[in-house]
Amino acid sequence: LEGQVLVHGAKNSALPILAATLLADGESVLHNCPDLTDISAALGILSSLGCRVCREGPTVRVDTTCRRDHVVPDGLRGQMRASVLFLGALLARDGEAVACWPGGCALGARPIDLHIRAFQALGAQARSWNGRLSFQAARLRGRRLALPIPSVGATENAMLAACGAQGITYIDNPAREPEIVDLQGFLRCLGAQVSGAGTGRITVEGGSPLHPGEYTVMAD
């Protein structure tokens with residue numbers, strides 16, 4: 001046998017990158033974005049927040065110019081656990097983020113306490129009521145974060161939120177999966193000062209002016 005097979009983009013890489021498009025105003029272009037249920041749900045969240053979303057085969061365009069909200073809609077949130085990743089990006093941009101407790105995970109209950117603790121360490125106030133969770137911060141400030149376990153989602157959310165914090169954030173004991181490195185690549189494409197992904201410490205120099213970017217999601 002011989003030939004070539006095109007491997008579609010990694011879902012677990014595309015999801016945090018889609019959330020990261022919220023960090024910059026304007027149109028970002030993502031190539032090799034897989035056409036999967038979770039990706040459709042993420043695009044639905046972006047649309048509900050006021051972004052203009054367009055898919056052209058494996059290429060997705062996200063224009064955040066008209067973004068108007070910082071509340072992740074309940075219906076879409078329930079379809080996908082990774083919707084929690086939108087909280088870090090919204091908190092970085094707006095200083096506020098609201099969502100229901102995340103769901104949609106086939107693996108069962110998976111707490112997000114590490115995400116909450118990371119936001120609080122950066123200066124956000126957390127409040128929970130009637131199954132809803134909100135974060136507010138007049139100003140996020142960089143600091144040293146030590147994750148008790150190398151959670152992929154908590155690492156990604158900390159990276160996203162730290163992009164909007166003043167000063168330097170050090171994330172110790174982060175997850176080292178390839179999707180963390182890919183998220184760093186996209187954040188750098190936006191102009192963020194991020195380094196160390198794939199090692200035992202990630203450094204984020206927050207406060208840099210960000211711009212839209214064009215990026216190819218890594219293969220699965």
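Residues numbered from 1 in each chain as written. Predicted model: local features only at pLDDT ≥ 70, side-chain atom pairs only at ≥ 80, totals over all residues. Heavy atoms only, no water.

**Concerning the overall build of the chain**
Broken down by element type, the chain carries seven helices and eleven strands. What you see for the chain is a C-alpha radius of gyration of 16 Å, in line with the 17 Å of a compact globule of 220 residues. Overall, the C-alpha framework of the chain stretches about 55 × 35 × 35 Å when taken along its three principal axes. Across the 220 residues in the chain, those meeting the buried criterion constitute 51%. Accessible surface for the chain amounts to roughly 9800 Å². Of this, 49% is attributable to carbon and sulfur atoms. (Helix = DSSP H or I, 4+ residues; strand = E, 2+ residues; numbered from the N terminus. Rg over C-alpha atoms; globule rule 2.2 N^0.38 Å. Buried < 20%, exposed > 50% of the residue type's maximum accessible area, 1.4 Å probe, protein only. Areas by Shrake-Rupley, 256 points an atom, 1.4 Å probe, with all protein chains shown as cover.)

**Re the sheet that holds strand β2 (residues 52–56)**
If you trace the four strands from one edge of the open sheet to the other, you get β2-β3-β1-β11, paired in mixed fashion. The two strands at the open ends of the sheet, each matched to only one other strand, are β2 and β11 (214–216). Neighbour-to-neighbour, the strand axes of the sheet open up by a mean angle of 15°, direction not taken into account. Where β2 meets strand β3 (residues 59–63), five bridges bridge the pair, whose relative direction is antiparallel. Considered in β3, the bridge of V53 is made with V62. With respect to the sheet, helix α2 (residues 37–48) is in contact with β2 and β3, its orientation differing from that of β2 by roughly 150°. Sheet strands touched by helix α7 (residues 178–189): β1 (27–31) and β11. Its angle to β11, the strand with the most contacts, is close to 160°. (Pairing = 2+ DSSP bridges. Axes fitted to C-alpha atoms, helices over the stretch in contact; angles between N-to-C directions. Contact = heavy atoms within 4.5 Å.)

**A word on the pattern of salt bridges**
Within this structure, the stated rule accounts for nine salt bridges. Among the salt bridges present, the one from R61 reaches E56, with a minimum N-O distance of 3.6 Å. A salt bridge links R144 to D172; the shortest N-O distance between them is 3.7 Å. With R144 in strand β7 (residues 144–146) and D172 in strand β8 (residues 167–172), the pair connects residues that are 28 residues apart, well separated along the chain. Each member of the salt-bridge network shares a partner with another, and the members are E27, E56 and R61. (Salt bridge = Lys/Arg side-chain N within 4 Å of Asp/Glu carboxyl O.)

**Some words on unusual backbone geometry**
The phi dihedral of N32 falls on the positive side, at around 60°, and the residue is not glycine. When you line up the elements, N32 lands in the loop between β1 and α2. The phi dihedral of N173 falls on the positive side, at around 55°, and the residue is not glycine. When you line up the elements, N173 lands in the loop between β8 and α7.

**Regarding the environment of I180**
With respect to the helices, strands and loops of the structure, I180 is situated in helix α7. As for I180 and G3, which are separated by 177 residues in sequence, their C-alpha atoms are 31 Å apart. The contacts of I180, once residues within four sequence positions are left out, are V152, T155, E156, M159, A175, A197 and I202.

**Thoughts on the nonpolar core**
Grouped together as the largest cluster of nonpolar side chains are 64 residues, with contacts concentrated most on L18, L23 and L187. The biggest single contributor to this core is helix α4 (residues 85–94), with seven residues. In contact with L187, not counting residues within four places along its chain, are A20, L23, M159, L160, C163, A192 and V194. (Core = buried A, V, L, I, M, F, W, Y, C linked by side-chain atoms within 4.5 Å.)

**What about the side chain of T59?**
Along the chain, T59 turns up in strand β3. There is a polar contact of 3.0 Å between the side chain of T59 and the side chain of H31. Excluding anything up to four places from it in sequence, T59 contacts V29, L30, H31 and C54. (Polar contact = N/O pair within 3.5 Å; in protein donor to acceptor, adjacent residues only side chain to side chain.)

**A look at the environment of S40**
With respect to the secondary-structure elements, S40 resides in helix α2. A residue is classified by how much of its surface remains accessible, and S40, at 41% relative accessible area, is partly exposed. Distance in space between the C-alpha atoms of S40 and G88 is 20 Å, their sequence separation being 48 residues.

The values are spatial; any link to function lies outside them.
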